[in-house]
Amino acid sequence: MNNFKIDILFVLPSLKAGGAERVISFIASNLNKDKFNPTLIVIGSLKDSVYPTDNLNVLFLEKGRVLHGIPFLFTYILKNRPNIIVGSISHVNRILASLCYVIPKIKLVGREASVSSIMRKFADTKGKINIPFFRNYHKYLDAIICQSKDMANDLIVNYNLPERKIHVINNPITEGLPHKTTVNNVSQKKKLITIGRLSKEKGHKRILSALSKVKFDFEYTIIGTGHEKPCIMELGKKLDILNKIKFIAHTKEIGQFLLENDIFIQGSYVEGFPNALLESCAVGTPVIAFNAPGGTREIIENGINGFIVEDENEFIEKLSLSLFKTNWSPQQIMNSVEKKYNKNLIINKYEDLFLSLSKS
């Protein structure tokens, strides 16, 4: 590897549609190539890739599970000896943490995806191996990237991790999103959208419960896959609104869908840093989100780019207010996130962290 640059190895389970996949591939592709020599190892398959990596050295292991890619990953690391290794999500970070005894001079960085102590309440632990080392893997990492302040506080308070290891770096707004210029006519059928995996912590059921009580006509698009889909469909049928719901598994046109909808809805009980919500604001589409730990409260400015609500009744109230009475400015919505999460700002934070680790 090039001795004049900092060699960084990023590790992803796949390049399928997802927050970690989007952010890590984006960061790796946009690092200053005069200072850094990035490589991306993807455990999964090239055919599943949905994110561009044209100007990046990428190795696809073509494995169905992270576990099956470990031998090649370890061999690659021992042979090439990068200066820094960046894990993208908790189960990858656990594997990388186990390297601490083999390659002590390589700096290990873990990027966390959610508020760990709360996500554990939603996790399915059936059949999983309970190993103390893996439960406490954070302490073997040299640095931990948290996407939000709530994530950082959780690791410090509930996992007794030193603040010096914790680095809050929000997710960036990626490029290529369309920009909304006008709001839809109030007489039209209201178009609502949620994007994200179909799992319990995402709160789709409380969204459906609230939508079943609104007094206006609507179309609700849910983009994503997950094991909760049958339950969501069953509830939609029970509430007699299934005919108003459109399910879409995957799409490369997220920006266009956000552009065409009136309101983005988030029902989550916990978040890391909600990428789809951020993208909705970046497009100019306002958001209604239930209050939850994670990055939502850092993004939403009430009355500027959306509303945060505490319960179902307030959800219905703010949704109706947003659709029929609030004079939203798409440009103001876009500006509210661009000033805090633009590409250059976030990339600089990653580069500063990598530079500091290389000197320690």
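Notes on the structure follow.

Quick notes on the rules
- Residues numbered from 1 in each chain as written.
- Predicted model: local features only at pLDDT ≥ 70, side-chain atom pairs only at ≥ 80, totals over all residues.
- Heavy atoms only, no water.
- Helix = DSSP H or I, 4+ residues; strand = E, 2+ residues; numbered from the N terminus.
- Rg over C-alpha atoms; globule rule 2.2 N^0.38 Å.
- Buried < 20%, exposed > 50% of the residue type's maximum accessible area, 1.4 Å probe, protein only.
- Contact = heavy atoms within 4.5 Å.
- Areas by Shrake-Rupley, 256 points an atom, 1.4 Å probe, with all protein chains shown as cover.
- Lys, Arg positive; Asp, Glu negative; His and termini not counted.
- Charge placed at Lys NZ, Arg CZ, Asp CG, Glu CD.

What the protein contains, in helices and strands, is 14 helices and 13 strands. Taken against the 2.2 N^0.38 rule, which gives 21 Å for 360 residues, the C-alpha radius of gyration of the protein at 21 Å falls within 12% of a compact globule. With respect to the three principal axes, the spread of C-alpha positions in the protein is 65 × 45 × 40 Å. By residue count, 52% of the 360 residues in the protein fall in the buried class. A sequence separation of at least 24 residues applies to 70% of the contacts in the protein between residues at least 6 apart. On the protein, roughly 17,000 Å² of surface is accessible, and the fraction owed to carbon and sulfur atoms is 50%. Taking the 48 positively charged and 34 negatively charged side chains of the protein as two groups, their mean positions are separated by 5 Å.

In this section: the environment of Ala143. You can see Ala143 is positioned in strand E6 (residues 143–146). Counting along the chain gives 217 residues from Ala143 to Ser360, while the straight-line C-alpha distance between them is 12 Å. Beyond its immediate sequence surroundings of up to four residues, Ala143 is in contact with Leu108, Val109, Gly110, Lys165, His167, Leu353 and Leu357.

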